[in-house]
Amino acid sequence: MLSHVFDTIEMYRIEVSINFDTGDFFDETLYELIFQMISQHQKNASLLTIELLEDQEITDIDAIVQRIEKLRNLGAKIAIDDFGSGYSTFSYLLGIKPDYLKIDGSLIQNIGKVENAENVVASIVNICSTLGIQTVAEYVEDEEKIECLKRLNIDFLQG
């Protein structure tokens, strides 16, 4: 898959994101393959964003941080996907120091429906802004949400 991603980056000169489960970073063989592929394509690594899925708790944050830093040093960017669901915690922001934080669609979809949903999203955006992390709102599906998210200074919208 990574080979195809780098072929696409090379051909179209576009940014591409690829999702990995945090457990993938504990699989020595898979992590070594990821590292080697990015090393081989280091000239285009800045166009690659690795999205860490929030589908399981990170039990050894230090090990993940070390591995992420090795990939970041090659030029890849890091995103935390689905923040606000599952096992996500603000402590991940301190250790992982992502370039992007993708706010889970369940929070975005509740804006205007559930009391304080907008305040929760605004708080996440404020923290990210303070830490220099760009934000992405997932599952943006209507004009009302777009206008609200613009007002909250979300950096990117994803449908």
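Each residue is numbered by its place in its chain's sequence as written, counting from 1. The model is predicted, so local features are restricted to residues of pLDDT at least 70 and side-chain atom pairs to those at 80 or more, both for listing and for counting; the totals for chains, interfaces and linings are taken over all residues. For the side-chain quantities, the full set of heavy atoms in the structure was used; hydrogens and water were omitted.

A. Just the packing of helix α2 (residues 28-40) against helix α3 (residues 61-73), in detail. To obtain an axis, a line is fitted to C-alpha atoms, over the contacting stretch when the element is a helix, and the angle between two such axes runs from 0 to 180 degrees between their N-to-C directions. Each helix is a run of H or I in the DSSP string that is no shorter than four residues. Each strand is a run of E no shorter than two, and both are numbered from the N terminus. The N-to-C vectors of α2 and α3 enclose an angle of 20°; their axes lie 9 Å apart at closest approach. Taken together, α2 and α3 sit at an angle that is classed as roughly parallel. Here α2 and α3 pass one another in a crossing that is left-handed. Contacts between α2 and α3 pair E28, Y31, I34, F35 and I38 from the former with R67, K70 and L71 from the latter. Between 65 and 115 degrees an angle is taken as roughly perpendicular, under 35 as roughly parallel, over 145 as roughly antiparallel, and anywhere else as oblique. Handedness of a crossing follows from how the near helix is turned relative to the far one, being left-handed for an anticlockwise turn of less than a right angle and right-handed for a clockwise one. Residues are treated as being in contact if the distance between any of their heavy atoms lies within 4.5 Å.

B. View of the pairing of strand β5 (residues 134-137). Where strand β4 (residues 100-103) and β5 come together, 4 bridges link them in parallel fashion. Paired with K102 across the strands is V136, a residue of β5. We treat two strands as partners when DSSP finds at least two bridges between them. Alignment of β5 against strand β6 (residues 156-157), held across 2 bridges, turns out to be parallel. Bridged to V136 within β6 is F156. Each parallel crossover has a hand, and for β5 linked through helix α7 (residues 143-151) to β6 it is right-handed. Orient the strands so they point away from the viewer; a crossover is then right-handed if the path from the first strand over the helix to the second runs clockwise.

C. The packing of aromatic side chains, seen in detail. Each pair of aromatic rings taken from Phe, Tyr and Trp, with Trp reduced to its six-membered ring, is defined by centres within 6.5 Å and is described as stacked if the planes are under 30 degrees apart, edge-to-face if over 60, and tilted in the remaining cases. In this structure the tally under the stated criterion is 4 aromatic pairs. On the basis of an interplanar angle of 80° and a centroid distance of 6.1 Å, the ring pair of F20 and F25 is categorised as edge-to-face. We note that F20, like F25, is buried. With centroids separated by 6.1 Å and ring planes inclined at 65°, the aromatic side chains of Y100 and F156 adopt a geometry described as edge-to-face. Of this pair, Y100 sits in strand β4 while F156 sits in strand β6; the two residues are 56 residues apart in sequence, bridging distant segments of the chain. For each residue, the accessible area found with a 1.4 Å probe, counting protein chains only, is set against the maximum for its type, and the residue is called buried under 20%, exposed over 50%, and partly exposed in between. Since its relative accessible area comes to 14%, Y100 is described here as buried. Taken together, F20, F25, Y31 and F35 form an aromatic cluster joined through their ring pairs. The positively charged end of K70 is found above the aromatic ring belonging to F35, 4.6 Å away from the centroid. Only when the NZ atom of a Lys or the CZ atom of an Arg is both within 6 Å of the ring centre and within 35 degrees of the ring normal do we say a charge sits over the ring.

D. Broad picture of the environment of E15. By the element assignment, E15 lies in the loop between α1 (2-12) and β1 (16-21). In this structure the C-alpha to C-alpha distance between E15 and T49, which are 34 residues apart in sequence, comes to 7.5 Å. Residue contacts for E15: discarding those within four places in its chain leaves L47, K77 and Y100. Side-chain polar atoms of E15 contact the side chain of K77, separated by 2.9 Å. Each polar contact in these results corresponds to two N or O atoms within 3.5 Å; when the atoms are within protein, one needs to be able to donate a hydrogen and the other to accept it, and residues that are neighboring in sequence are counted only if both atoms are side-chain atoms.

E. Just α2, in detail. Every helix has an expected span of 1.5 Å times one less than the residues it contains. With 13 residues, α2 should reach 18 Å at 1.5 Å per residue; the first-to-last C-alpha distance of 18 Å fits that figure. Residues of α2 that are buried include every one of Y31, I34, F35, M37 and I38, and no others. Each buried residue of α2 sits inside an arc of 165° when the element is viewed along its axis, so together they form one side. Set apart from the buried face of α2 by more than 90 degrees, the exposed residues are T29 and Q40. The N-cap of α2, judged by a side-chain oxygen 3.1 Å from the amide nitrogen of T29 a few residues on, is D27. Here, the arc refers to the directions that run from the helix axis to the C-beta atoms.

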